Amino acid sequence: MDDAGFGALLRELLEESHHLPVEGIPALVARAARELGLDEATVYLADVQQERLVPLGTVPDSSQGGLPVDATLAGWAYRTVSLRVAEDGQEGLAAWLPMMDGIERIGVLGLHARSLDGTLLGRCRALASLTTLLLLSRSMYSDTYLQATRARPMRLPAEMVWAFLPPRTVGTRQVTSSAVMEPAYDIGGDAFDHSLSDKALDATVIDAMGHDLASGLAAAVGLAGCRVARRAGGDLKDIVETIDHALAQWLPHRYLTAVFAHLDLASGQLRWANCGHPPPLLIRGQHVISGALEHHAELPLGLGPGYPDVPRRIHHAQLEPGDRVLLHTDGVTEARSGTGEVFGERRFTDFVIRAIAAGEPTPEALRRLLHAVLDHRRGQLDDDATILLFEWHPPSAEPTDTSGIQTATHLPGKGVRAAPANG
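Procedures and definitions
- Residues numbered from 1 in each chain as written.
- Predicted model: local features only at pLDDT ≥ 70, side-chain atom pairs only at ≥ 80, totals over all residues.
- Heavy atoms only, no water.
- Helix = DSSP H or I, 4+ residues; strand = E, 2+ residues; numbered from the N terminus.
- Contact = heavy atoms within 4.5 Å.
- Pairing = 2+ DSSP bridges.
- Axes fitted to C-alpha atoms, helices over the stretch in contact; angles between N-to-C directions.
- Parallel < 35°, antiparallel > 145°, perpendicular 65-115°, else oblique.
- Left-handed = near helix turned anticlockwise from the far one by under 90°.

Overview of the environment of valine 170
Okay, step 1: Mapped onto the elements, valine 170 comes out in strand 7 (residues 169-171).
Okay, step 2: Separated by 68 residues in the primary sequence, valine 170 and glycine 102 place their C-alpha atoms 7.1 Å from one another.
Okay, step 3: With residues near it in sequence (within four places) discarded, valine 170 still touches Ile103, Val175, Thr176, Ser177, His194 and Leu196.

And the structure:
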């Protein structure tokens, strides 16, 4: 097949896909693969905990079915976001290509062929990209897509929170942000958000009180408050006030802690508000800069009427190219083993730093880190655990002055309700 024929094949795929549900995509892709001279093509999706790669059209199972992410060539392609080719034992080759939504991993495309050359591999990559787009264009209204990524039913609070979440990983040439969250099927009050424009990254981690449906509602209000304020042109002050007032009005007696961060992509100026949450951590090179982003604790949002108004503070720091900022909920560092040993901040940050030093992609480093937290708790978390890591990596930039670390300004105007110190 020449280039013109390949272009015609892609156009034909697009035309036919307009009338197909998710269930019809695997057969369409397999047929296209045969027209390219391949023997077989199978679409695999990563399950919600990123433990197995499951063929689309089947239901994942925690003990069988699909391919383990940590013990197969398919999993290697997913973990490293790279092509893997091996002899398949049948006088042919097996190729595994990562399927990417931007820089977000959603699965792999498995191919079998008698032989592969550079031209055919290039067309296989294009087929993997097109397959990803076809799947994602239907994922918002297809239960089949989501069922393929779940080993068991979601609890109602988790279903609600996941419905509000953005992709786990977003990024451009200037910045990458990635997040993970557990227990995936039983999330109660944790949530994360990240949003990108050509000028800024906004990142948020939320921890709502409790572990029930009302906690999930509070987390959903937190995410919606972030977005409604941002999309109306608001800043961090507006985000904080919007969420605080909404919780007090609609979910009295429910509060949440959160960090809201805004990174200017041109200058590396970081601004953030911390509402009763563990402070962000700054990783520079292979070290945590102790106390760089830590300030006096402020109180949670949604404490309700009857408390004095106090101004919130917006903090400022100047990042250097390559700096990473780590946001997390206390369910990560406070996870306890069967003997009562906490996972701890030191173990947490050391894991991230070692993974970065080894060259692991950020999404893979966080996936393994959260599995390490689960292993520490023997697979059962007492509290939600959420981690978000973003890195500022401008294509060409000189290191910037770091004298701006540990500065803060008070928000002008009306403050946010605060409780007494014993509240």
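Now that the structure has been shown, the text picks up again.
Considerations on the sheet that holds strand 7
Okay, step 1: With antiparallel pairing, six strands are arranged side by side in an open sheet as 7-8-18-17-13-14. Because the sheet does not close on itself, it has two edges, and the strands there are strand 7 and strand 14 (287-288).
Okay, step 2: Bridge count between strand 13 (residues 281-284) and strand 17 (residues 324-328): three bridges; the pairing is antiparallel. Bridge pairing in strand 17 places isoleucine 283 opposite arginine 324.

Some remarks on the packing of helix 7 (residues 213-231) against helix 8 (residues 236-250)
Okay, step 1: Look at helix 7 against helix 8: their axes get within 8 Å of each other, and the N-to-C directions meet at 140 degrees. Of the possible angle classes, the one that applies to helix 7 and helix 8 is oblique. You can see that helix 7 and helix 8 cross each other, and the crossing is right-handed. Here Ala218, Val221, Gly222, Gly225, Cys226, Val228, Ala229 and Arg230 of helix 7 lie close against helix 8, whose contacting residues are Asp238, Ile239, Thr242, Ile243, Ala246 and Leu247.

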